[in-house]
Amino acid sequence: MNKRAQKPTLELADAHALGLHSIGEAAKLTGISTKMIRHYESLGLVSPTDRTYANYRVYQTRDIHLLRFIKSARELGFSMKQIAVLASLWQNSGRSSAEVKKLALEHIQEMDERIQSLQQMRNALNDLAGRCHGDDKPDCPILDAIACNTCHGDQ
């Protein structure tokens with residue numbers, strides 16, 4: 001990712017005339033909140049933007065494409081660290097697709113592990129809910145199991 005200077009160089013109207021977008025416009029074009037755009041910039045996923053004399057961030061077309069790329073990768077569940085690698089690979093026309101595939105397969109493995117863990121939690125909770133009478137009495141196997149799990153942490 002390139003490192004652009006943040007030194008103010010133009011007025012906002014001039015930036016618009018050059019096809020640059022304010023952060024609000026970038027947010028509308030990408031479906032990403034202005035807060036998240038700033039966050040991505042702070043993480044280094046998006047290079048610091050050019051600024052107007054009034055210190056407004058202005059984004060180029062390539063920034064908009066990168067923000068959309070980041071959003072798509074987030075929707076696929078990639079971590080910020082993984083997205084940084086993917087974005088770097090995406091911007092490198094000399095990349096090997098093998099590295100991208102390796103990252104995707106690792107992510108699939110992580111998702112499979114999370115799915116398995118969630119299924120185990122669901123099954124355990126479903127079993128507890130099935131043993132709970134759900135009546136006016138205070139006895140509740142769900143609460144008992146949760147309390148029992150907290151006791152094991154004290155030992």
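Here the structure is shown first, and the text comes after it.
Conventions we followed
Residues numbered from 1 in each chain as written. Predicted model: local features only at pLDDT ≥ 70, side-chain atom pairs only at ≥ 80, totals over all residues. Heavy atoms only, no water. Salt bridge = Lys/Arg side-chain N within 4 Å of Asp/Glu carboxyl O. Helix = DSSP H or I, 4+ residues; strand = E, 2+ residues; numbered from the N terminus. Buried < 20%, exposed > 50% of the residue type's maximum accessible area, 1.4 Å probe, protein only. Axes fitted to C-alpha atoms, helices over the stretch in contact; angles between N-to-C directions. Parallel < 35°, antiparallel > 145°, perpendicular 65-115°, else oblique. Left-handed = near helix turned anticlockwise from the far one by under 90°. Contact = heavy atoms within 4.5 Å. Core = buried A, V, L, I, M, F, W, Y, C linked by side-chain atoms within 4.5 Å. Patch = residues over 30% accessible without salt bridge, like charges linked within 9 Å, V, L, I, M, F, W, Y side chains within 5 Å. Areas by Shrake-Rupley, 256 points an atom, 1.4 Å probe, with all protein chains shown as cover. Lys, Arg positive; Asp, Glu negative; His and termini not counted. Charge placed at Lys NZ, Arg CZ, Asp CG, Glu CD. Pairing = 2+ DSSP bridges. Phe/Tyr/Trp six-rings, centres within 6.5 Å; stacked < 30°, edge-to-face > 60°.

**Regarding the pattern of salt bridges**
- Scanning the entire structure with this criterion turns up three salt bridges.
- With its nearest N and O atoms 3.1 Å apart, the salt bridge here joins Arg57 to Glu41. Here Arg57 is found in strand β3 (residues 57–59), whereas its partner Glu41 is found in helix α3 (residues 34–43), with 16 residues between them in sequence. Both residues of the pair, Arg57 and Glu41, belong to the buried class.
- Its salt-bridge partner being Glu106, residue Lys102 comes within 3.2 Å of it at the nearest N-O pair. A residue pair is termed a helical-turn pair when its members lie 3 or 4 positions apart in one helix, as Lys102 and Glu106 do in helix α6 (residues 97–131) at four residues.
- The exposure class assigned to Lys102 is exposed, which follows from its relative accessible area of 52%.

**Some thoughts on the packing of helix α2 (residues 23–30) against helix α4 (residues 61–75)**
- Relative orientation of the contacting elements α2 and α4 amounts to 50°, with a least axis distance of 10 Å. By the angle between their directions, the pair α2 and α4 is classed as oblique. The hand of the α2/α4 crossing is right-handed. Where α2 approaches α4, its residues Ala26, Leu29 and Thr30 are matched on the opposing element by Ile64, Leu67, Arg68 and Lys71.

**A short note on the nonpolar core**
- Among the nonpolar cores identified, the biggest contains 19 residues, and Ile37, Tyr40, Leu67 and Ile70 are the most heavily contacted of them.
- Considering every element that reaches this core, the biggest residue donor is α4, with five residues.
- When sequence neighbours within four positions are dropped, the list of residues in contact with Ile37 reads Ile23, Ala26, Ala27, Thr30, Ile32, Tyr59 and Leu67.

**Focus: a negative patch on the surface**
- Taken together, the side chains of Asp135, Asp136, Asp139 and Asp144 make up a negatively charged region of the molecular surface.
- Among the structural elements, Asp136 can be located in the loop between α6 and α7 (141–152).
- Taking the relative accessible area as the measure of exposure, Asp136 reaches 86% and is therefore exposed.

**Some details on the sheet that holds strand β1 (residues 21–22)**
- On the basis of which strands lie adjacent, the open sheet formed by three strands has the order β1-β3-β2 and antiparallel pairing. Every other strand in the sheet has two partners, leaving β1 and β2 (50–51) as the edge strands with one partner each.
- Across two bridges, β1 lies against β3 in antiparallel orientation. Each bridged residue has a counterpart across the sheet, and for His21 the counterpart in β3 is Tyr59.

**Quick notes on the packing of aromatic side chains**
- What the rule picks out here adds up to one aromatic pair.
- Note on Phe69 and Trp90: the rings are 4.4 Å apart at their centroids and 10° apart in plane angle, and the pair reads as stacked. With a gap of 21 residues between them, Phe69 in helix α4 and Trp90 in helix α5 (residues 80–91) connect regions that are remote in the sequence.

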